Amino acid sequence: MSLPPVLGDRLRLPVVASPMFIVSNPDLVIAQCSAGIVGSFPTLNARPQSQLREWLTRITEELAKYDANNPDAPSAPFAVNLIVHKSNDRLAEDLATVVEFEVPIVITSLGARQDVNDAVHSYGGIVLHDVIDNRFARKAIEKGADGLIAVAAGAGGHAGTQSPFALVQEIRTWFDGPLLLSGSIAHGNSILAAQASGADLAYVGSAFIATTEANASDAYKQMLVDSTASDIVYTNLFSGVHANYLRGSISASGMDPDNLATSDPSKMDLGSETATEGGAPGPKAWRDIWGAGHGVGSIEAVASVADVVARFRTEYAAARARLAQ
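Help me understand the overall build of the protein chain, please; the structure alone is not making it clear to me.
From N to C terminus, the protein chain includes 10 helices and 13 strands. Scaling as 2.2 N^0.38, a compact globule of 325 residues should have a C-alpha radius of gyration of about 20 Å, and the protein chain matches this with 19 Å. Expressed along its principal axes, the backbone C-alpha trace of the protein chain runs to roughly 60 × 50 × 40 Å. Put simply, the protein chain has 325 residues, and 52% of those count as buried. Of all intrachain contacts in the protein chain linking residues separated by at least 6 positions in sequence, the fraction that spans at least 24 positions is 64%. Only carbon and sulfur atoms are counted for the fraction: they give 50% of the accessible area of the protein chain, which is about 13,800 Å².

In structure tokens:
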């Protein structure tokens, strides 16, 4: 099955930038789309809720200006991420704003909702749902999602535990629609490998945290540069959902990354503070405990989004040429 035009016609590299809590902002999204990949952000990053309209206005207006000035290399479309879990008390308001602006691509997470999918379809948008196994993938398509994001082992933030090869292969036995792969992709070689495995596009996050446009502290960006895959810790302590975090940020918050407690998944809170032994609030997920994937070893310096995408394109082209030989 061919990709819908919104995922193919204007991309200069087969990449969708993943929406990252706190980190993804209009500066990052605009830079990503201008560089020819899909940029995205979680609606929850716009706080208060009224700011979401301001963000969408700025993104659409600035990308329209970019397109007018660059008719031969127009921007890629952008996406927003909706957390559809019951803990998100902003979902109805955020969805209404998304429909008002007719956001072309909506990424849904932590649950599949037919009503959300129907609302996006009402204006011609598409929905991509992220999943960690084949069972959730089937549920998402049954509820009306247009495509899937296979979040495999090694992905930054909330991630699954399955091999990307196994996960993509199982999904492809029954689904021939748009399929993205997430998990340790921070190099052009890996982007091509995602396609070779059966995915249509690569879903990339951590590499864009270490960019000048990202809303992350200098310390966070430098820790990404200094870290390797062995510095990633997989735990559900900080949000109730298993995710990958930088070991250094856990240690800096006064905890032993090798002896972390287990959280109650039923009390999931994406921005909760971890209680200390004395009961006082401790470090907060994403603000103090920093997410990252196993691909951090490919991040060698803090750079602009344009430079990161240019590097990806060069590596991707070299990988294709090498295989062609």
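I keep staring at the sheet that holds strand β7 (residues 157-158) and nothing clicks. Help me out?
Where strands meet in a sheet, backbone hydrogen bonds hold them as pairs that are either parallel or antiparallel. What the 3 strands build is an open sheet, ordered β7-β11-β10; its pairing is antiparallel. Whereas interior strands pair on both sides, the edge strands pair on one side only; in this sheet they are β7 and β10 (232-235). Bridge count for β10 against strand β11 (residues 243-246) is 4 bridges, and the pairing is antiparallel. When the sheet's bridge partners are listed, tyrosine 234 is paired in β11 with asparagine 244.

Explanation requested: the pattern of salt bridges in the structure shown.
Pairs can form between side chains of opposite charge whenever their charged atoms are close. Under the definition given, this model contains 10 salt bridges. A salt bridge links arginine 10 to aspartate 67; the nearest nitrogen and oxygen atoms lie 2.7 Å apart. Taken together, the residues span a long stretch of sequence, with arginine 10 in the segment before β1 (15-17) and aspartate 67 in helix α2 (residues 51-69) at a distance of 57 residues. Given the relative accessible area of 36%, arginine 10 is considered partly exposed.

Help me out: how do you make sense of helix α4 (residues 114-121) in this one?
Because the α-helix completes a turn every 3.6 residues, residues three or four places apart line up on one side. Within α4, the full set of buried residues consists of Val116, Asn117, Ala119 and Val120. Buried residues along α4 cover an arc of 160 degrees about the axis, so they all sit on one side. Buried residues along α4 sit in contact with β3 (78-83), α3 (91-101), β4 (105-109) and β5 (126-131).

Rules used in this analysis
- Residues numbered from 1 in each chain as written.
- Predicted model: local features only at pLDDT ≥ 70, side-chain atom pairs only at ≥ 80, totals over all residues.
- Heavy atoms only, no water.
- Helix = DSSP H or I, 4+ residues; strand = E, 2+ residues; numbered from the N terminus.
- Rg over C-alpha atoms; globule rule 2.2 N^0.38 Å.
- Buried < 20%, exposed > 50% of the residue type's maximum accessible area, 1.4 Å probe, protein only.
- Contact = heavy atoms within 4.5 Å.
- Areas by Shrake-Rupley, 256 points an atom, 1.4 Å probe, with all protein chains shown as cover.
- Pairing = 2+ DSSP bridges.
- Salt bridge = Lys/Arg side-chain N within 4 Å of Asp/Glu carboxyl O.
- Arc of directions from axis to C-beta.

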